[in-house]
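Listed below, chain by chain, are the residues.
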Amino acid sequence: MAQDRFVVTPWFANDSSASARALVLPGGGYTVDHPVLFWSCQVLAQAGYRVVTMRWQPDDRAETDPRAFVEEGADVLDAAAGPAPVTLVVGKSLGTYAAGWASVRRYPAVWLTPVLTDESVAAALNTYSAPGLLIGGTDDGLWDPAAAKATPLEVLELSGADHALHHRGDWRTSVTTLKRTLEAVEAFAVEQRWALPT
């Protein structure tokens, strides 16, 4: 059953009066408790979004048909979050398989460490129908600089960062990279927060 695989949770620091909403889709093993997503949720809440997060249990289909798995989860999250004049999607790794789903709905999005080595993800981002921001590191095997630059979206490429946007053995650089990531997320989110819905 869907409720066994997909659990929707409002962010603990939400402002109940926020009219914009952010739908957060995690990675396969990188949850909203991990640094990049945890602090991104906090940034979004402070930027005036009602943040609603997904916690999922990837099953066999997440391996064989990740797009179908993620889109089912995105449907669950979208419905549970309730309507809002402005919707922003944030996807990390596995969550970036929702790019086609979000593009159809014309949702602006932040795609963290997108799986650009997957043709379906790259194609969805290459024809994305709304504003978007791609963030990835040069030491991430799933990041493709050429594919990122081929999209119409903003790109933040972080030198030496891995798939967790982390620098192994260098916490100071890791914290600097996290700060750059969050500042980019904040700037993009604020811009979209005040954009007129289409």
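Placed above this text is the structure.
Everything numeric in this text was worked out from a predicted model, so none of it was measured. (Residues numbered from 1 in each chain as written. Predicted model: local features only at pLDDT ≥ 70, side-chain atom pairs only at ≥ 80, totals over all residues. Heavy atoms only, no water.)

1. Quick look at helix H2 (residues 35-46)
Each full turn of the α-helix corresponds to 3.6 residues, which orients residues three or four apart in the same direction.
Then, in step 1: Helix length check: H2, at 12 residues, gives a terminal C-alpha distance of 16 Å against a target of 16 Å (1.5 Å per residue), a fit within 8%.
Then, in step 2: Those residues of H2 that fall on the buried side of the exposure criterion are Val 36, Leu 37, Ser 40, Cys 41, Gln 42, Val 43, Leu 44 and Ala 45.
Then, in step 3: Against the buried residues of H2 lie strand S2 (20-25), strand S3 (49-56), strand S4 (86-92), strand S5 (109-112) and helix H8 (171-193).
Then, in step 4: Backbone geometry just after H2 places Gly 48 at a positive phi near 100°. (Helix = DSSP H or I, 4+ residues; strand = E, 2+ residues; numbered from the N terminus. Expected span 1.5 Å × (residues − 1). Buried < 20%, exposed > 50% of the residue type's maximum accessible area, 1.4 Å probe, protein only. Contact = heavy atoms within 4.5 Å.)

2. Some remarks on the nonpolar core
Note on soluble globular proteins: their nonpolar side chains tend to be buried together.
Then, in step 1: Grouped together as the largest cluster of nonpolar side chains are 34 residues, with contacts concentrated most on Leu 25, Trp 56, Val 89, Trp 101, Trp 111 and Leu 125.
Then, in step 2: At the level of secondary structure, the elements contributing two or more residues to this core comprise S2, S3, helix H4 (66-81), helix H5 (99-104), S5, helix H6 (119-126) and helix H7 (145-150).
Then, in step 3: Take this core: its biggest share by element is 5 residues, from H4.
Then, in step 4: Among the nonpolar cores identified, the runner-up in size contains 32 residues, and Val 36, Cys 41, Leu 88 and Leu 133 belong to it. (Core = buried A, V, L, I, M, F, W, Y, C linked by side-chain atoms within 4.5 Å.)

3. Concerning the environment of Ser 40
Then, in step 1: Turning to its location among the elements, Ser 40 is positioned in helix H2.
Then, in step 2: With a relative accessible area of 2%, Ser 40 lands in the buried category.
Then, in step 3: Residues Ser 40 and Thr 181 lie 141 residues apart in sequence; the distance between their C-alpha atoms is 8.5 Å.
Then, in step 4: Setting aside chain neighbours within four positions, we find Ser 40 in contact with Leu 112, Leu 182 and Val 185.
Then, in step 5: In terms of polar contacts, Ser 40 uses its side chain to reach the backbone carbonyl oxygen of Val 36, at 2.7 Å. (Polar contact = N/O pair within 3.5 Å; in protein donor to acceptor, adjacent residues only side chain to side chain.)

4. Observations concerning the sheet that holds strand S6 (residues 132-137)
Then, in step 1: The 7 strands are arranged S1-S3-S2-S4-S5-S6-S7 in an open sheet whose pairing can be described as mixed. Bordering the open sheet on either side are strand S1 (6-10) and strand S7 (154-158), each of which pairs with just one other strand. Neighbour-to-neighbour, the strand axes of the sheet open up by a mean angle of 15°, direction not taken into account.
Then, in step 2: Sheet topology places S5 next to S6; 4 bridges connect them, and they run parallel. Counterpart to Leu 112 in the pairing with S6 is Ile 135.
Then, in step 3: Relative to S3, H2 is tilted by about 155°, and along the sheet it contacts S2, S3, S4 and S5.
Then, in step 4: Running at roughly 170° to S7, H8 makes contact with S2, S3, S4, S5, S6 and S7 of the sheet. (Pairing = 2+ DSSP bridges. Axes fitted to C-alpha atoms, helices over the stretch in contact; angles between N-to-C directions.)

Function cannot be read off these values alone, since they describe shape.
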